Structures are given as C-alpha cells and as structure tokens.
Amino acid sequence: MVKVIGVKFKTSGRVYYFDPLDLDIHTGDGVIVETARGLEFGEVTIAPKEVEESEIVAPLKPVTRIATEEDRRLRAQYAAKEEEAFQVCLDKITAHGLDMKLVDVEYTFNGSKVVFYFTADERVDFRELVKDLAYSLKTRIELRQIGVRDEAKMLGGIGPCGRLVCCKAFLDDFRPVSIKMAKEQNLSLSPTKISGLCGRLMCCLQYEQSAYEAIRSCMPKPGKEVNTIDGVGVVVENNAITERTKVRLTMEDGSIDVREYPYTHLSAPGEPLPEAAYERKKAENDEKDSNANFRKEAANNSRKIIRTNAKPQNQAQKQPEMKQPEKQQGNQKQPEKQNQQPKQDKTNAQQKPQNQQQKQGKPNKPAQPQKPVEKAENAADPQAAKSIQKKDNNRRRRPKRRNPNNAPKAPDAPKENS
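Thresholds, definitions, all that
- Residues numbered from 1 in each chain as written.
- Predicted model: local features only at pLDDT ≥ 70, side-chain atom pairs only at ≥ 80, totals over all residues.
- Heavy atoms only, no water.
- Helix = DSSP H or I, 4+ residues; strand = E, 2+ residues; numbered from the N terminus.
- Buried < 20%, exposed > 50% of the residue type's maximum accessible area, 1.4 Å probe, protein only.
- Areas by Shrake-Rupley, 256 points an atom, 1.4 Å probe, with all protein chains shown as cover.
- Core = buried A, V, L, I, M, F, W, Y, C linked by side-chain atoms within 4.5 Å.
- Contact = heavy atoms within 4.5 Å.
- 1 Å grid on protein atoms, 1.4 Å probe; cavity = no way out; pocket = protein on both sides within 12 Å on 5 of 7 lines; lining within 4 Å.
- Points joined across faces, edges and corners; volume = space filled by probe spheres on them.
- Nonpolar A, V, L, I, M, F, W, Y, C, P; charged D, E, K, R; others polar.
- Pairing = 2+ DSSP bridges.
- Arc of directions from axis to C-beta.
- Phe/Tyr/Trp six-rings, centres within 6.5 Å; stacked < 30°, edge-to-face > 60°.
- Lys NZ or Arg CZ within 6 Å of the ring centre and 35° of its normal.
- Axes fitted to C-alpha atoms, helices over the stretch in contact; angles between N-to-C directions.
- Patch = residues over 30% accessible without salt bridge, like charges linked within 9 Å, V, L, I, M, F, W, Y side chains within 5 Å.
- Salt bridge = Lys/Arg side-chain N within 4 Å of Asp/Glu carboxyl O.

Peer 1: What should I look at first to understand the overall build of the chain in this one?
Peer 2: Across its full length, the chain holds 10 helices and 12 strands. Counting across all 418 residues of the chain, residues that qualify as buried make up 25%. When the accessible surface of the chain is summed, it comes to about 30,600 Å², and 49% of that surface belongs to carbon and sulfur atoms.

Below is the structure:
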C-alpha cells in the first residue's frame, strides 16, 4: 500500500496521484508539483489515502510544496494573459492561411511556456506560425493537436441529457465505445440520437453495458425452445430492461399465440419449471376470478338501482293519465262558450242600430210602401196625382249624402215650392 493524494489540473478532469511526503495537505488546497511540462499548479481533490501499487503509474513524483499566496497571484496573472495570446494566435493563423481550429491556450505556472491546443482534419505545417508566435509573445511556444473528444473535454457543454458532459465533469479517461453496444441496448441507430457533442458515440453507452451483458447471458437465446407454464414454445425476443422473454406458443386448437414470461419462470424442454411459475399462474387465476366476481356484483347493483329508479317514474306517468280526461272536458267546454259569444255579439249588433234609429226618430223602412197607397186613393184626383209624381221625381234626382261616422240619416224635409 502506498500513500498518495489526488491532484487535478485545469485542462482535464483526470486525477493524478502524487506523493504527499510529510506535508499536511487537505482537500481543496493548492500544490506545486513537477510534471512532464515542468512545474504546475494543481488542486487537491483526494485527501491523502493508501492505494494498491497496481493503481499507480510509476514513477510516483512527490509534491514540491503547498501553494502560497504569491503562487496564486502569479497563476492569476498568467491566466489573464491567455485571452490576449489566444487572439494573437488567431490572427497569425488567418495570416498564414492554415486549415486548423484553435481550441484553448494555457500558460505554465511560471510563464516559461505557452501551449496552444488545436484541431485539424489533416496534418498541418505550422513551423512558420511557431516562429511568429515566439517573436510576438517572447516565450517558448508549443502547438499540440488534439482530437474532437479532447476538444469537448476542454470546452465542456450541455449534453442531450441536459447535464454537463461527462468528460468535463468526472470522466478520468476515454473508454472505447462501439455501435454494438447501441444494438444490444435496443437503442435507435440514428447518428443524431447516439452521438455526443463531439460527433462520436456517447460515452454513456458503456455505463450499463456490463449489466446488459450479465442479464443477456442468463436469458435464453432467440430461436431456442423453452418450457413454459402454458406449454413448450420458441423464444422470439428478450427484453433486458424488463427481464422478460417473448415466447411463441402453439395452442391446442392449432392457433399461434405470443406471450411474455419472466425469464426466471422458464426452463429447458424436459426440465421441471420453477415453483415461481406455478405461484404466478395461481395468482393470475385468482385475480381473474376476483375480477369476474367484482363485475357480477357491479352488474347486480346497477340492476337494483335501475329498478328502484323505475318505480317512481311509472307512478308519475300514471297520474297524468288519470287527469287527462278532466283536462280534455274542460278544454271542450271552453270552445262552446267561445262559440256562443259571437252569436250574442251578432244579436247585440243587430239590436244596437235599431235602438239608435228609434232614438233619433228615423222612420222605419217598412213605412215606405204606404206611398203607393196614397196614389191609389188619390188616383181619381188628377192634380193630386201630378203633385205626387213631382215629389217622386225630386227624390230620385236628389244626390245621396254620405253619412260621416255612420251617423243616422235625418228625415227628408219637404220643399217649399212643392
């Protein structure tokens, strides 16, 4: 067992082991350590602990010292220059017309060297670029080409899951991921759904791969015959997430049915079934019986409710039937009264004008036939006959007067010259 501490640097999430010696180091402290690039400022993420020697990459380098306030100030000073150096490098790349993408810039702890990280599809001849950068920045220059996964690890970002990408958050190193993992996990093979920000297969595909492999090793392979509680069938498909197997069965009537069973309730042909299969079958039968009884009770209760609700309705329907004849008789009597009223009105209308004529002194029409009688009586007198004819002619020639507002006609006054 070896005592070590875990130190993490800026450019990656990987933790490196160093020998703490006899220094009092705690989590979160800054330390100065020796690396392949020289002195570096790191942050302690793992407190001193003992690990197996197989987990250590030899040789194990010791910690130079615990960082002081001056070390922190120096580190912040050079970190502020990184933005200026990044912009200078971009201008030089465009000036030289190089096909490369600048990703990040990092100063070493004491500012003795500047490291530029870039990506490119092919190899790039950047010798002239290094000379220009060294002349402009007055320090040692290092250009390092990285892959697209390292680019995502340095820049970070939000993955399809909505969280910070794993390589920036906690992954120590990249592990190989293949399309076979996506197939075994029944995932969509669309590149847009199984690819990360870097354009490669997502690293999280290998997180559960070991669990899928362990479950599939216990489940029967598709195409093999298995013994079920319903008979012998052929395996169609396995679902590692639900741990269930689809089996195609040939029923007694010759029909084919596909059913799902837990893979622990299956056995090879000729071998006895597990007891769990019989218990599950019994539970299913009990559940069916309970459901059938519940449906019967619900149906009986609904019938009782319908019967109780139907009785008052029938009584309400009978009562109006008994009262209908009375209403009809009353309705028949009313029209007779209505019909009698107009007759009375007519008789009253005939009596009214007669009464008005009597009050105003108008002679009755039946009195007119008495005039010819006068003619017959006075026919012997010729002078009287002539006067009677003149009166008749004057009456005929006289225009009729209109009676406004149906006022009664006044009696004809005799003329003076008659």
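Peer 1: Please clarify how the nonpolar core should be interpreted in this entry.
Peer 2: Across soluble globular proteins, you tend to see nonpolar side chains buried next to one another. By size, the foremost hydrophobic cluster in this structure holds 17 residues, and its most contacted members are Met100, Phe116, Leu133, Ile141 and Leu143. Elements represented by at least two residues in this core include exactly helix H1 (69–96), strand E6 (101–107), strand E7 (113–119), helix H2 (127–137) and strand E8 (140–145). Among the elements that make up this core, the one with the highest residue count is H1 (four residues). With residues up to four places along the chain from it excluded, the contact list for Phe116 reads Ala85, Cys89, Leu102, Asp104, Val105, Leu133, Leu137, Ile141, Glu142, Leu143 and Arg144.

Peer 1: Just checking my understanding: could you explain empty space enclosed by the protein for this structure?
Peer 2: Any empty space left between the atoms is revealed when a probe the size of a water molecule rolls over them. This structure, assessed with the given rule, holds two cavities of 30 Å³ or more. Surrounding the largest cavity, Thr228, Ile229, Tyr261, His265, Ala277, Arg280, Lys281 and Glu284 form its lining. The biggest single contributor to the lining of the largest cavity is helix H8 (residues 275–360), with four residues. Reported here for the second largest cavity is a volume of approximately 40 Å³. Leu171, Asp173, Phe174, Arg175, Val177, Cys203 and Gln206 together form the lining of the second largest cavity. Partitioned by chemical class, the residues of the lining of the second largest cavity number four nonpolar, one polar and two charged.

Peer 1: Would you take a moment to explain the pairing of strand E9 (residues 225–228) for this structure?
Peer 2: Moving residue by residue along a regular strand, the side chains alternate between the two faces of the sheet. Note: E9 against strand E10 (residues 231–239), four bridges, orientation antiparallel. Within the sheet, the bridge partner assigned to Glu225 lies in E10 and is Val234. The turn linking E9 back onto E10 is made up of two residues.

Peer 1: Explain helix H7 (residues 209–218) to me, please; I cannot follow it from the model alone.
Peer 2: Given 3.6 residues per turn, any residue in an α-helix points the same way as the ones three and four places further on. Among all positions of H7, only Gln209, Tyr212 and Ile215 are buried. Down the axis of H7, the buried side of the element spans an arc of 130 degrees, and every buried residue falls inside it. The exposed set on the far side of H7, more than 90 degrees from its buried face, consists of Ser210, Ser217 and Cys218.

Peer 1: How should I be thinking about the packing of aromatic side chains in this particular structure?
Peer 2: To describe a pair of aromatic rings, one takes the distance between the centres and the angle between the planes. For the structure shown, the criterion picks out four aromatic pairs. Look at Phe118 and Phe126: their rings are 5.7 Å apart centre to centre, the planes differ by 75 degrees, and that puts the pair in the edge-to-face class. With a relative accessible area of 1%, Phe118 lands in the buried category. Across the ring face of Tyr135, the terminal group of Lys138 is positioned such that the distance to the ring centre comes to 4.4 Å.

Peer 1: What is the right way to read the sheet that holds strand E5 (residues 63–66) from this model?
Peer 2: Strands belonging to one sheet form pairs held by backbone hydrogen bonds; the direction of such a pair is parallel or antiparallel. The sheet built from five strands is open, its strands ordered E2-E1-E4-E3-E5 with antiparallel pairing. Strands with a single pairing partner mark the edges of an open sheet, and in this sheet they are strand E2 (15–18) and E5. Neighbour to neighbour, the strand axes of the sheet diverge by 45 degrees on average, direction disregarded. For strand E3 (residues 30–35) and E5, the ladder comprises three bridges, and the chain directions are antiparallel. Residue pairing for E5: Val31 is matched across the bridge by Ile66.

Peer 1: I keep staring at a nonpolar patch on the surface and nothing clicks. Help me out?
Peer 2: Taken together, Leu21, Leu23 and Ile66 make up a surface patch of nonpolar side chains, about 220 Å² in accessible area. For Leu23, the location among the structural elements is in the loop between E2 and E3. With a relative accessible area of 34%, Leu23 lands in the partly exposed category.

Peer 1: Would you take a moment to explain the sheet that holds E10 for this structure?
Peer 2: Taken in spatial order, the four strands of this open sheet run E9-E10-E11-E12, and their pairing is antiparallel. Each having just a single partner strand, E9 and strand E12 (256–262) make up the two edges of the open sheet. Put simply, the sheet's adjacent strands are angled 45 degrees from each other on average, direction ignored. As defined by bridge partners, E10 adjoins strand E11 (residues 244–250) across six bridges and the pair is classed as antiparallel. Bridge pairing links Asn238 to Thr245 in E11.

Peer 1: I would appreciate a short explanation of the pattern of salt bridges in the present structure.
Peer 2: Any two side chains of opposite charge can pair, so long as their charged atoms come close to each other. Applying the stated criterion across every chain yields a total of 11 salt bridges. Arg259 is paired through a salt bridge with Asp230; the nearest N and O atoms lie 2.8 Å apart. Of this pair, Arg259 sits in strand E12 while Asp230 sits in the loop between E9 and E10, and the two are 29 residues apart along the sequence. Arg259 gets classed as partly exposed once you look at its relative accessible area, which sits at 27%. Using a relative accessible area of 26% as the deciding quantity, one classes Asp230 as partly exposed. The network of salt bridges with shared partners includes Lys113, Glu142 and Arg144.

Peer 1: How do you make sense of helix H3 (residues 148–155) when you look at a structure like this?
Peer 2: All buried positions along H3 are accounted for by Arg149, Glu151, Ala152, Lys153 and Met154. Where H3 is buried, its residues contact E6, E7 and helix H4 (166–169). Once H3 finishes, Gly156 follows within two positions and takes phi at roughly 80 degrees, a positive value.

Peer 1: Just checking my understanding: could you explain the side chain of Gln206 for this structure?
Peer 2: Here Gln206 lies in the loop between helix H6 (191–194) and H7. Overall, the relative accessible area of 15% leaves Gln206 in the buried class. Discounting residues that sit within four places of it in the chain, Gln206 has contacts with Arg175, Val177 and Met181.

These figures come from the coordinates and say nothing about function on their own.
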